[in-house]
Amino acid sequence: MAIELLRPTRRLFIRQGLIGAAAIGVSTGLWVPGAFAEELARTPRQTEGPFYPDHLPLDTDNDLLIVNNAITPAVGTITHLSGRVMSTSGEPVRNAVVEIWQVDGNGVYLHSRSPNGDKRDRNFQGYGRFTTGSSGEYYFRTVKPIAYPGRTAHIHVAVSRSSKRVLTTQCYIKGHPLNERDGVLRHVPEASRDMVVIDFAPIKDSKIEEVAAHFDLIIGNTPEEPGADRFR
């Protein structure tokens, strides 16, 4: 029986936010209403890696499962990735552009030099972006990342303000057996790893085994990263 896949309209965004909250709760412990006794720790910076798309797709929305108006979805476990962009004082950051990019279900990036490019899932967008509103929230519908030779499973994430990159990082699946051997993750100070290693929790009552992941992005007031003018 065919499964109806919904595009992430604002209504779907709100719905998935509620689903994510129910599935994983306030898992990060980073945000609480009211005044802050001290500053929040910044999300650790990590390498962009060599496979940021060298040619951005025509479709750059926040639903990576459907390319343009195609009816065939990408292969993989449907994943709802959401979170907030916040300052170190806990204030939501509005009009921040959050980007994600990752391999498809075959371990291939949307990049001309990605290994095994001939096996790329043409129904997977590979890259998406989302502009935050007044609450600082972002949302993506994607596939659960998989490991590939040399790397554990991960999603690349970047944040830009006023067209300037202010954070580049990655998030990882809590409990993945290859995490301990991943050179990029091991480079993150041990005390900060819990900020980038997150639960990909099954969504209760999902008939298609969807998962939800929550990843808050804490940025400072430092200048943009060198050479990170991505939007022209």
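Up top is the structure these notes are about.
Here, residues in each chain are numbered from 1, in the same order as that chain's written sequence. Residues qualify for local features only when their pLDDT is at least 70, as the model is predicted, and side-chain atom pairs are given and counted only at 80 or more; totals for whole chains, interfaces and linings, by contrast, use all residues. Excluding hydrogens and water, the side-chain values take into account all heavy atoms of the structure.

**Q** Honestly, the sheet that holds strand β5 (residues 154-161) in this entry has me stumped. Any pointers?
**A** The strands making up a sheet associate through backbone hydrogen bonding, with each pair oriented either parallel or antiparallel. Spatially, β3-β2-β5-β6-β7 is the arrangement adopted by the five strands of the open sheet, whose pairing is mixed. Two strands in the sheet have a free side with no partner beyond their single neighbour: β3 (127-131) and β7 (197-198). Two strands make a pair as long as DSSP finds a minimum of two bridges between them. We count a stretch as a helix when DSSP gives it H or I for four or more residues in a row; a strand needs E for two or more, and each element gets its number in order from the N terminus. Here eight bridges tie β5 to strand β6 (residues 164-173), and the two strands are oriented antiparallel to one another. Across the sheet, Arg 161 pairs through a bridge with Lys 164, a residue of β6.

**Q** Looking at this model, I keep getting lost on the nonpolar core. Mind explaining?
**A** Where a protein is soluble and globular, its nonpolar side chains tend to be buried together. Throughout, nonpolar core names a set of buried Ala, Val, Leu, Ile, Met, Phe, Trp, Tyr and Cys residues whose side chains join them through atoms within 4.5 Å. When accessible area is computed with a 1.4 Å probe and restricted to protein chains, residues below 20% of their type maximum are described as buried, those above 50% as exposed, and intermediate ones as partly exposed. Within the largest apolar cluster, 35 residues are counted, with the highest numbers of intra-cluster contacts made by Leu 81, Val 85, Tyr 138, Phe 140, Val 157, Phe 215 and Leu 217. Contributing elements (two or more residues each) for this core: β1 (78-87), β2 (97-101), β4 (137-143), β5, β6, β7, β9 (211-214) and β10 (217-219). Considering each element in turn, this core owes the most residues, five residues, to β6. For this analysis, residues touch if any pair of their heavy atoms sits within 4.5 Å. Excluding anything up to four places from it in sequence, Phe 140 contacts Asn 62, Leu 64, Thr 79, His 80, Leu 81, Val 98, Ile 100, Gly 128, Arg 129 and Phe 130. Core analysis: the second largest hydrophobic core is formed by nine residues, Tyr 52, Trp 101, Tyr 109 and Tyr 127 among them.

**Q** Just to check I follow, could you spell out the packing of aromatic side chains for this structure?
**A** The geometry of an aromatic ring pair comes down to the distance between the two centres and the angle between the two planes. Centres within 6.5 Å make a pair out of two Phe, Tyr or Trp rings, where for Trp the six-membered ring is used; the pair is then stacked when the planes are under 30 degrees apart, edge-to-face when over 60, and tilted otherwise. Applying the stated criterion across every chain yields a total of six aromatic pairs. When the ring of Tyr 52 is compared with that of Trp 101, the centres are 4.8 Å apart and the planes differ by 80°; the resulting orientation is edge-to-face. Here Trp 101 lies in strand β2 and Tyr 52 lies in the loop between α1 (10-24) and β1, a separation of 49 residues in the sequence. Here Tyr 52 matches Trp 101 in class, with each residue buried. A network of ring pairs unites the aromatic residues Phe 51, Tyr 109 and Tyr 148 as a single cluster.

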